[in-house]
Amino acid sequence: MFCRLCTLSKGLLAPSRGLAQGSQNPEKQRVFHIHEGKHGFRDKLREIVGASTNWRDHVKAMEERKLLHSFLAASQKGLPPRRMKDSYIEVLLPLGSQPELREKYLTVQNTVRFGRILEDLDSLGVLICYMHNKIHSAKMSPLSIVTALVDRIDMCKKSLSPEQDIKFSGHVSWVGKTSMEVKMHMFQLHDNEFSPVLDATFVMVARDSENKGPAFVNPLTLESPEEEEIFRQGELNKGTRVAFSFMSLLKMAPTAEERTAIHEMFLNTLDPKTVSFRSRVLPPNAVWMENSKLKSLDICHPQERNIFNRIFGGFLMRKAYELGWATACNFGGSRPFIVAVDDIMFQKPVEVGSLLFLSSQVCFTQGNYIQVRVHSEVASLQDKEHMTTNVFHFTFMSEKEVPLVFPRTYGESMLYLDGQRHFSSMSAPVTLKKDHLIEP
Ligand SMILES: CCCCCC(=O)SCCNC(=O)CCNC(=O)[C@H](O)C(C)(C)COP(=O)(O)OP(=O)(O)OC[C@H]1O[C@@H](n2cnc3c(N)ncnc32)[C@H](O)[C@@H]1OP(=O)(O)O
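What counts, and at which threshold
- Residues numbered from 1 in each chain as written.
- Predicted model: local features only at pLDDT ≥ 70, side-chain atom pairs only at ≥ 80, totals over all residues.
- Heavy atoms only, no water.
- UniProt positions renumbered as here; feature names shortened; annotations may be inferred.
- Helix = DSSP H or I, 4+ residues; strand = E, 2+ residues; numbered from the N terminus.
- Buried < 20%, exposed > 50% of the residue type's maximum accessible area, 1.4 Å probe, protein only.
- Contact = heavy atoms within 4.5 Å.
- Polar contact = N/O pair within 3.5 Å; in protein donor to acceptor, adjacent residues only side chain to side chain.
- Domains from an automatic or database assignment.
- Salt bridge = Lys/Arg side-chain N within 4 Å of Asp/Glu carboxyl O.
- Nonpolar A, V, L, I, M, F, W, Y, C, P; charged D, E, K, R; others polar.
- Core = buried A, V, L, I, M, F, W, Y, C linked by side-chain atoms within 4.5 Å.
- Disulfide = S-S within 2.5 Å.
- Phe/Tyr/Trp six-rings, centres within 6.5 Å; stacked < 30°, edge-to-face > 60°.
- Lys NZ or Arg CZ within 6 Å of the ring centre and 35° of its normal.
- Expected span 1.5 Å × (residues − 1).
- Near = heavy atom within 4 Å.
- Areas by Shrake-Rupley, 256 points an atom, 1.4 Å probe, with all protein chains shown as cover.
- Pairing = 2+ DSSP bridges.
- Axes fitted to C-alpha atoms, helices over the stretch in contact; angles between N-to-C directions.

Taking an unreviewed UniProt entry as the reference, the protein chain is identified by name as HotDog ACOT-type domain-containing protein belonging to Sousa chinensis. Quoted verbatim from the Subcellular location (unreviewed entry) field of the UniProt record, the comment on the protein chain reads "Mitochondrion". Looking at the protein chain in UniProt, the text filed under Sequence similarities (unreviewed entry) is "Belongs to the acyl coenzyme A hydrolase family."

## Here we look at the environment of Lys183
Mapped onto the elements of the fold, Lys183 is located in strand E6 (residues 179-190). We classify Lys183 as buried; its relative accessible area is 11%. Separated by 12 residues in sequence, Lys183 and His171 place their C-alpha atoms 5.8 Å apart. When near neighbours in sequence (up to four residues on either side) are disregarded, Lys183 contacts Ser169, Gly170, His171, Ser173, Ala200, Thr201 and Asn237. A polar contact is formed between the side chain of Lys183 and the side chain of Thr201, at a distance of 3.1 Å.

## Side note on the domain arrangement of the protein chain
According to the domain assignment, the protein chain contains domain 1 (31-247) and domain 2 (256-425). Taken over C-alpha atoms, the centre of domain 1 sits 27 Å from the centre of domain 2. Contacts between the two partners involve 36 residues from domain 1 and, on the opposite side, 28 residues from domain 2. Salt-bridge contacts for Asp342 lead to Arg152; the nearest nitrogen and oxygen are separated by 3.5 Å. Joining domain 1 to domain 2, the criterion identifies 11 residue pairs in polar contact (both at pLDDT 80 or more). If you list the elements that add at least two residues to the side of domain 1 that touches domain 2, you get helix H3 (41-49), helix H4 (58-66), helix H7 (114-132) and strand E4 (144-155). Element by element, the count of residues in the side of domain 1 that touches domain 2 is highest for E4, at 12 residues. Split by residue class, the side of domain 1 that touches domain 2 holds 18 nonpolar, 10 polar and eight charged.

## Description of the nonpolar core
Counting residues in each nonpolar core, the largest one holds 103 residues, and the members touching the most others are Phe114, Ile117, Ile153, Phe168 and Leu198. Per-element tally for this core: the top contributor is H7, with 11 residues. Split by domain, this core shows at least three residues from each of two domains, domain 1 (31-247) and domain 2 (256-425). Setting aside anything within four residues of it in sequence, one finds Ile153 in contact with Phe114, Leu118, Leu121, Leu198, Asp199, Ala200, Phe202, Val339, Ala340 and Val341.

## Some thoughts on the state of the cysteines
For the coordinates displayed, the defined rule picks out zero disulfides. Not part of a disulfide, Cys329 finds its nearest cysteine sulfur in Cys363, a span of 17 Å.

## Thoughts on the packing of aromatic side chains
This model, assessed by the stated rule, comprises eight aromatic pairs. When the centroid spacing of 5.5 Å and the interplanar angle of 80° are considered together, the rings of Tyr321 and Phe394 count as edge-to-face. Of this pair, Tyr321 sits in helix H10 (residues 313-332) while Phe394 sits in strand E14 (residues 387-398); the two residues are 73 residues apart in sequence, bridging distant segments of the chain. The pair formed by Tyr321 and Phe394 is uniform in burial state, with each residue classed as buried. Aromatic pair Phe394 and Phe396: ring centres 6.2 Å apart, planes at 45°, arrangement tilted. We note that Phe394, like Phe396, is buried. Linked through ring pairs, Phe114, Tyr321, Phe392, Phe394 and Phe396 together constitute an aromatic cluster. Sitting above the plane of the Trp288 ring, Arg408 keeps its charged end 4.2 Å from the centroid.

## Some remarks on the UniProt feature "domain: HotDog ACOT-type" (unreviewed entry) in the protein chain
UniProt records the feature "domain: HotDog ACOT-type" (unreviewed entry) at residues 87-210 and 290-402, using the numbering of this structure. Measuring from the first to the last C-alpha atom of residues 290-402 gives 16 Å, for a span that is 18% helix and 45% strand.

## A few points about H10
In a regular helix each residue adds 1.5 Å, so 20 residues correspond to 28 Å; H10 covers 28 Å between its end C-alpha atoms and thus fits that length. Most of H10 sits out of view: 15 of its 20 residues are buried. At the C-terminal side of H10, Gly333 shows a positive phi close to 75°.

## Some thoughts on the site of the ligand
Lining the immediate surroundings of the ligand are 26 residues, of which Lys177, Thr178, Ser179, Gly313 and Phe346 lie closest. In isolation the ligand has 1100 Å² of accessible area, and contact with the protein removes 74% of it. Element by element, the count of residues in the shell around the ligand is highest for E4, at four residues. When the residues that make up the shell around the ligand are grouped by side-chain class, the tally is 13 nonpolar, eight polar and five charged. There are two domains that each give the shell around the ligand at least three residues, and those are domain 1 (31-247) and domain 2 (256-425).

## Looking at unusual backbone geometry
A positive phi is found at Asp191, a non-glycine position, where the angle reads about 50°. Inspection of the secondary structure assignment puts Asp191 in the loop between E6 and strand E7 (193-207).

## Points about the sheet that holds strand E12 (residues 355-366)
Strand order across the open sheet formed by 11 strands is E1-E3-E5-E6-E7-E4-E11-E14-E13-E12-E10, with mixed pairing between neighbours. The open sheet has two edge strands with one neighbour each: strand E1 (31-33) and strand E10 (294-299). Here the strands of the sheet are splayed against their neighbours by 25° on average, with no regard to which way each runs. One ladder, built from 10 bridges, connects E4 with E7; its direction is antiparallel. Each residue of the ladder has a partner; that of Asp154, found in E7, is Asp199. Across the face of the sheet, H10 comes into contact with E4, E7, E10, strand E11 (336-345), E12, strand E13 (369-379) and E14 while running at roughly 45° to E12.

Dropping the structure here:
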């Protein structure tokens, strides 16, 4: 499979060039481990934020964070600029050399759980942003950094083995006033070399010490034409996001071409015997969209909280991904493999104790591809009103050709078109490879 970003990222940023291939890193403090402990990156995050390790201390820990308010900058100009390499870090997931780590990452097909990788990417993105905004004289940060958007995750043409070491790297690639774009790469050891397996772009937002209002981030200074290109790409990404949201089918009617396509699908479902709008029949090898649905419910226990005592974005992504994978599996009747994740917007934080309702459905298919949409909403135990927190978009590739999915209602037709737009925004067509084994 061709991966636009894996190719683009190769050699663009000076700090990642040598390190990406597994060479020695002179700045040892920038290399963290996934596991807990002295060099564990989650412990590092807790240290930076001063988060509680026990739920019973969470109120006290938050009270302490209030005192950090005075360290917040009144304007962005008051903050020193940072270089891309200031935020550059690497994180090791030594699945090969530390087999005790494997269980957590293992699927029954002896591949790596992609849902676990999503969790690691989320924490890595946050740590990168803390590196960018580091106050050298203070151990703790006054900022609360939250995930606003998973812009894109593209898989490259490599299998993920649970028996080989994995390495993540990343850095801040663009900054606004309170938001930052982060680019992350993942590599796996293959013939003694770390080869690219995944590229990800997230947008993180800085909030004040109590996560109640916006906070300024350090500006970014660019040191080479390559870095200018990365930054320019960040600007472009921002523009594309605005254009995409402006064109949303919730705000605007579909294009003439899209309307024609939907009308043709509708005509294809009319029963030639009755030609009645009430009796509709599916063409051969097609499934009604409503019959592709799967739902789940989770109780958001304190264990799933992030360092700011809200539910961890990575947990929400893992849950949505796993339901999406099951939906694709159920629909296609064979093992689906993840190809791309895009446009996951974290609209509202999820409180500890909430009920999390996930609803997943296939909204577009083509050949071996299945586009799945997972809608997430929460309700509190006291208040039964449901509130949407996220919409997830996953592109899967099935081992076999899959049926067509047909919308029955106008609402479903809009979901179909939205799914088609997400599918079309994918980098490039991919060919099914036996070694492309990235599963739940
Ligand atoms: C281990 C630790 C892990 C911790 C990580 C997590 O788990 S976090 C948990 C999961 N995530 C969450 O719970 C976040 C939930 N969402 C939210 O709280 C909020 O939607 C939000 C703070 C992200 C944004 O709120 P608002 O839109 O009201 O904020 P505001 O309008 O001030 O915008 C702040 C900045 O974010 C940018 N922004 C907002 N939404 C955006 C989006 N979808 N895509 C790109 N950028 C976006 C704006 O341009 C602006 O940047 P500029 O100022 O630069 O122009």
